[in-house]
Amino acid sequence: MHATDALKEADRLMTVCNSCRYCEGLCAVFPAMEMRRAFTSGDLNYLANLCHACGGCYTDCQFSPPHEFNVNVPRTLATVRAQSYAHYAWPGALAVLFRRNGLFVALATAASVALFIFAFMGAGGAHFGEAVQGTGAFYRIMPHELIAWLFGGVFTFGLVALALSLRHFWRDIGDAAESPLAPRPLWQAIKDAGSLRYLDGGGVGCYNKDEKPDDNRRFYHHLTFYGFMLCFAATSVGALYHFLFEWEAPYPWWDLPVVLGTLGGLGLVVGPIGLLRAKRQRDPALLSEAGAGMDKAFTVMLLLTAVSGLLLLVLRATPAMNALLAIHLGIVFALFLSLPYGWFVHGLYRFAALVRYAQERARDA
Amino acid sequence: MDATLARVDVVVIGGGNAGLCAAISARRSGASVLVVEAAPKFYRGGNTRHTRNMRCAHDSATKILSGPYTQDEFFEDLLRVTQGQTDEVLARLMIRESQDMLGWIVEQGVRWQPSLGGTLSLGRTNSFFLGGGRAMLNALYLTAERLGVEVLYDTEVVEMEMEGGRCSGVLVRRPDGMHRISAKAVVAAAGGFEANIDWLKEAWGPSAGNFLIRGTPYNRGTVLKMLMDKGVETIRDPTQCHAVAIDARAPKFDGGIITRLDCVVFGIVVNNRAERFYDEGEDIWPKRYAIWGRLVAQQPDQIAYILFDASSLELFMPSLYPPIAAPTIAELAGKLGLDAEALTRTVEGFNAAVRPGTFDDKTLDDCRTEGLTPPKSHWARKLQTAPYYAYPVRPGITFTYLGVRVGADARMRMADGTGADNLFAAGEIMAGNVLGRGYAAGIGMTIGSVFGRIAGREAADHARH
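Here is what the cut-offs are and how they apply
Residues numbered from 1 in each chain as written. Chains lettered and ligands numbered in written order. Predicted model: local features only at pLDDT ≥ 70, side-chain atom pairs only at ≥ 80, totals over all residues. Heavy atoms only, no water. UniProt positions renumbered as here; feature names shortened; annotations may be inferred. Axes fitted to C-alpha atoms, helices over the stretch in contact; angles between N-to-C directions. Helix = DSSP H or I, 4+ residues; strand = E, 2+ residues; numbered from the N terminus. Left-handed = near helix turned anticlockwise from the far one by under 90°. Contact = heavy atoms within 4.5 Å. Nonpolar A, V, L, I, M, F, W, Y, C, P; charged D, E, K, R; others polar. Patch = residues over 30% accessible without salt bridge, like charges linked within 9 Å, V, L, I, M, F, W, Y side chains within 5 Å. Areas by Shrake-Rupley, 256 points an atom, 1.4 Å probe, with all protein chains shown as cover. Salt bridge = Lys/Arg side-chain N within 4 Å of Asp/Glu carboxyl O. Buried area = accessible area lost by both parts, 1.4 Å probe. Polar contact = N/O pair within 3.5 Å; in protein donor to acceptor, adjacent residues only side chain to side chain. Core = buried A, V, L, I, M, F, W, Y, C linked by side-chain atoms within 4.5 Å. Buried < 20%, exposed > 50% of the residue type's maximum accessible area, 1.4 Å probe, protein only. Domains from an automatic or database assignment. Arc of directions from axis to C-beta. Disulfide = S-S within 2.5 Å. Pairing = 2+ DSSP bridges. Right-handed = clockwise from strand over helix to strand, strands pointing away. Expected span 1.5 Å × (residues − 1).

- Taking an unreviewed UniProt entry as the reference, chain B is identified by name as Precorrin 3B synthase CobZ belonging to Xanthobacter autotrophicus.
- According to UniProt, the comment filed for chain B under the heading Cofactor (unreviewed entry) is "FAD".

- As named in an unreviewed UniProt entry, chain A is CitB domain protein, taken from Xanthobacter autotrophicus.

Right under this line is the structure:
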């Protein structure tokens, strides 16, 4: 009935959990499970993406290993979750990228950085190695149109790929006739995702190395997520400045794009470092091998993006600027390129699952 | 043997709910406390690992409870399930203290969850631990350790140094050998003896070999036996226990809650001679849930089968093991190893006795049989829609009631009628004082918490003087 061992194991576990239900107060996974008596693969992919891997149900479970029932929900759902990313990917042919994601990201980064260095040398070689200052400095090394076309292209492809993957997921996890855009459930899901409501182990925090919970993972994830959003906002404001007002970068430090970018960049340094450290300290029993590397690759890319961006800000008046700009743009390009085939999708699928959950709750009430 | 491993004011034997409440309360009263737990760390906490809720009196609805549950009502419920086999003074004390326990237990780090959707219909009387019994235990352990209580796992008490009603220390066996722990006061919170099949056989005869033990395999009654041998007064008899009918396919030990079956009221129950033996519709689940273990224990080979048809399949909680299914009653009998003719006759006889009524699984409805022995008083519907289903069930022993007699200060009483000097008891090892027979959900945890807190406080007080 299920295509993979992980789905079969998830089915077994949900049957065990559904006959116990002690965890129903911990997060959304268990109440969602209780609405079903049998589980299709779509149901299991839904539940897996609803799980925030706080570890609460593992630490609280009287049947977790070494008990013979061997109930390890966080790890099993992490495996199903990681496999679901490849399963729903568009185009299907590129699903293989999930499997060797770390390698893909590394190669994409190296190639993108090289692309930008060569492009710089071709476009503005004369300036390479000199300090270039003042308005439009960036574009004297590399024309704005080229940057816009390159990034616009990869960004558009990413959006299309993500949207089609997401649609595939949405149709599989429930009633496809229901629009994901119904306002009330959507707003509920935005609140739940924005606060990482279900990463709190039912209120005390997340379980990492032992049965003592803390809230560090949520804190670092917030820094990472909101850091990312601030950087995204910085880029958007920059684009508005450029196209609407024809104000050219670089902007002074106190201007909005720089302030947003700096704050976001700081979040994207501290957050990913904290998450990587938390991951290293985590009880291996909670971790799945299926997603291993995928999340790390994405987290490291965010960190590299932020570090190169902040360095560029600090050193933009020095001869290092050209090289840093090339490296930074290369990293950002690689990040965009890998978005639909890497850990970034966890956010989208989890959000879609939260929307579905909010819809189910509304219907149930 | 090594020299004394530790010298403490209070040693608590057993690290379940009762033991931890005792340890925390003794520590908060200023005593140095050591908890010895026979199980390894994962299996710590005895049967508390498998519990989920606690029954406490309260005067009005709260965030977690849907309505008032007065002390009088609690006492009436206790009288009903025990049929009077309770020590009224201790029972009333426990119920009075339970009211305060709702808040005290939260102060120890335990969290309640908001009242439930209705799977158990206990939202008014019982408070549910967020995350279940093991979550509750984890919280108590964190608090105890933060307060400076020391816990030794894999540590089994093998001897108590007693002189009359005074215990000066205990000998323990640890993976690295034998040790002595010297203590000024002792709290025994080591559970019952349900995992000791030989002891169960002494009481029940060989049929106990067919019992399944729902909870921890570590409750072997060693401490209880020691106390009995050293002249502590006992209470209740060894056949009294909390026993329910659980899936016969469950493991011998530690299957816990997920082996429960709450579908008795929707079908009929037959023994291995294909005969019905009790009124399945006597009262609503979970009120009569706790009687079926004993009923099945009295059947030949201690096995029975719950039969129902397709119309009832989704009326009850999903279960761990799937039901056994067949297109006809005769084929179902074949799969169960029952006589097909006898089973068909029983089902036909039942069907013929069913009177028309309006089925309602939320109340005692008017669907019943007429002229049938034993009758089915409610929810009686013909078994006529294929496929037909069955669950095999066996007695699942949750905990035993034979224990040590205590006073209102949780101090043990000696067989000669005097009070023990420095010996206190809490939890299952003294549950029989309050719960002489029968069971109502969550009372085990109330006994553990209330008498644990008292025992810890009194033991610390004794150690100080």
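Back to the text.
**Focus on the packing of helix 1 (residues 17-28) of chain B against helix 10 (residues 443-464) of chain B**
Residue and element names in this part refer to chain B.
- Helix 10 packs onto helix 1 with a crossing angle of 35° between their chain directions and a minimal axis gap of 7 Å. Every pair of crossing elements has a handedness; the one defined by helix 1 and helix 10 is right-handed. The residues of helix 10 that touch helix 1, namely those facing Asn17, Ala18, Cys21, Ala22, Ser25 and Ala26, are Met445, Gly448, Ser449, Gly452, Arg453, Gly456, Arg457 and Ala460.
- A per-class count over the contact of helix 1 with helix 10 returns 6 nonpolar, 6 polar and 2 charged.

**A closer look at a nonpolar patch on the surface**
- A contiguous nonpolar surface patch, about 440 Å² in accessible area, is contributed by A:Leu240, A:Leu244, A:Phe245 and A:Trp247.
- Structurally, A:Trp247 is set in the loop between helix 11 (216-245) and helix 12 (256-281).

**Observations concerning the interface of chain B and chain A**
- At the interface, 36 residues of chain B touch 30 residues of chain A.
- For the pairing of chain B and chain A, the buried interface totals around 2,700 Å² over both sides, and the portion due to carbon and sulfur atoms is 54%.
- Per-residue buried area on chain B facing chain A is highest for B:Arg111, B:Ile258 and B:Pro318; these three make up 20% of the total on that side.
- Our count for the chain B to chain A interface comes out at 2 salt bridges.
- For A:Glu211, the salt bridge is made with B:Lys41, and the minimal N-O distance between the two is 3.3 Å.
- In this assembly, chain B and chain A are joined by 17 residue pairs in polar contact (both at pLDDT 80 or more).
- Here the side of chain B that touches chain A gets 5 residues from one element, more than from any other, and that element is helix 4 (residues 133-147) of chain B.
- Considering only residue class, the side of chain B that touches chain A consists of 16 nonpolar, 11 polar and 9 charged.

**A look at the nonpolar core**
- Counting residues in hydrophobic clusters, the biggest one holds 117 residues, and the most contacted among them are B:Val10, B:Ile105, B:Met160, B:Ile181, B:Leu227, B:Met412 and B:Phe451.
- Ranked by residue count, the leading element in this core is helix 10 of chain B, at 10 residues.
- Taken domain by domain, this core gets at least three of its residues from each of domain 1 (4-239 + 402-464) and domain 2 (243-396) of chain B.
- Among the nonpolar cores identified, the runner-up in size contains 106 residues, and A:Cys61, A:Ile141, A:Ala334 and A:Leu339 belong to it.

**Considerations on helix 5 (residues 197-204) of chain B**
Residues and elements named next belong to chain B.
- For helix 5, every residue scored as buried is listed here: Ile197, Trp199, Leu200 and Trp204. Seen along its axis, helix 5 keeps its buried residues to an arc of 155°; they face one direction. Residues of helix 5 that are exposed and point more than 90 degrees away from the buried face comprise Asp198 and Glu202.
- The positive-phi residue at the C-terminal boundary of helix 5 is Gly205, with phi of around 85°.

**Focus: unusual backbone geometry**
- In this chain, B:Thr373 is followed by B:Pro374 through a cis amide linkage whose omega measures -15°.
- Here the amide bond leading from B:Ala386 into B:Pro387 is cis, since omega sits at 0°, within 30 degrees of zero.
- Mapped onto the elements, B:Pro387 comes out in the loop between helix 9 (340-353) and strand 16 (388-400).
- In this model, A:Arg21 sits at a positive phi of 70°, which is unusual for a non-glycine residue.
- The residue A:Arg21 is located in the loop between helix 1 (5-18) and helix 2 (29-34) in this model.

**What to know about the side chain of A:Thr59**
- Its place among the elements puts A:Thr59 in helix 4 (residues 56-60).
- Overall, the relative accessible area of 7% leaves A:Thr59 in the buried class.
- Not counting chain neighbours up to four residues away, the residues in contact with A:Thr59 comprise A:Tyr207, A:Glu211, B:Arg134 and B:Asn138.

**Brief notes about the state of the cysteines**
- Counted according to the given criterion, the structure contains 0 disulfides over all chains.
- B:Cys263 carries a free sulfur, and the closest cysteine sulfur to it, the one in B:Cys367, is 17 Å from it.

**Description of the pairing of strand 2 (residues 33-36) of chain B**
Residues and elements named next belong to chain B.
- Residues Val33 and Val35 point to one face of strand 2 and Leu34 and Val36 to the other, with burial holding for every one of them.
- Relative to strand 2, strand 1 (residues 4-13) runs parallel, the two being bridged by 4 bridges. Each bridged residue has a counterpart across the sheet, and for Val10 the counterpart in strand 2 is Val33.
- In the classification by handedness, the crossover that spans strand 1, the intervening helix 1 and the parallel strand 2 is right-handed.
- Two elements, strand 2 and strand 6 (residues 150-152), share 3 bridges in a ladder whose sense is parallel. Looking at strand 6, one finds that Val35 is bridged to Val151.

**Some details on the environment of B:Glu159**
Residues and elements named next belong to chain B.
- Here Glu159 lies in strand 7 (residues 156-163).
- Placed 67 residues apart in sequence, Glu159 and Met226 show a C-alpha to C-alpha distance of 7.3 Å.
- The residues touching Glu159, leaving out its near neighbours within four places in the chain, are Gly169, Val170, Leu171, Met226 and Lys230.

**Topic: the domain arrangement of chain A**
Residues and elements named next belong to chain A.
- Per the domain assignment, the segments of chain A are domain 1 (5-86) and domain 2 (90-364).
- In this structure, domain 1 and domain 2 have C-alpha centres spaced 28 Å apart.
- Taken residue by residue, the interface counts 32 residues in domain 1 and 37 residues in domain 2.
- Together domain 1 and domain 2 conceal approximately 2,900 Å² of surface at their shared face, both sides included; 64% is due to carbon and sulfur atoms.
- It is Tyr46, His52 and Tyr85 that lose the most area in domain 1 upon contact with domain 2, and together they represent 27% of the buried surface on that side.
- There are 1 salt bridge connecting domain 1 and domain 2.
- Two residues, Arg36 and Glu360, come together in a salt bridge whose shortest N-O distance is 2.5 Å.

**Let's talk about helix 9 of chain B**
Residue and element names in this part refer to chain B.
- Given a rise of 1.5 Å per residue, 14 residues ought to cover 20 Å, and the 20 Å separating the end C-alpha atoms of helix 9 matches this to within 8%.
- For helix 9, the full list of buried residues reads Ala342, Leu343, Thr346, Val347, Phe350, Asn351 and Ala353.
- At its buried positions, helix 9 is contacted by strand 13 (268-271), strand 14 (304-309) and helix 8 (329-336).

**Quick notes on the UniProt feature "transmembrane region" (unreviewed entry) in chain A**
All names here are of chain A.
- Under the UniProt annotation, "transmembrane region" (unreviewed entry) lies at residues 103-126, 146-166, 223-244, 256-276, 297-317 and 323-344.
- In residues 256-276, the share of helix is 100% and the share of strand is 0%. The end C-alpha atoms are 30 Å apart.
- As a span, residues 297-317 carries 86% helix and 0% strand, and end to end its C-alpha atoms are 31 Å apart.

**Let's talk about the side chain of B:Asn433**
Residue and element names in this part refer to chain B.
- Here Asn433 shows up in the loop between strand 19 (419-425) and helix 10.
- A polar side-chain atom of Asn433 sits 2.9 Å from the main-chain carbonyl oxygen of Val404.
- Every residue in contact with Asn433, bar those within four places of it in the chain, is listed here: Thr86, Asp87, Leu90, Ile235, Arg236, Val404, Arg405 and Val406.

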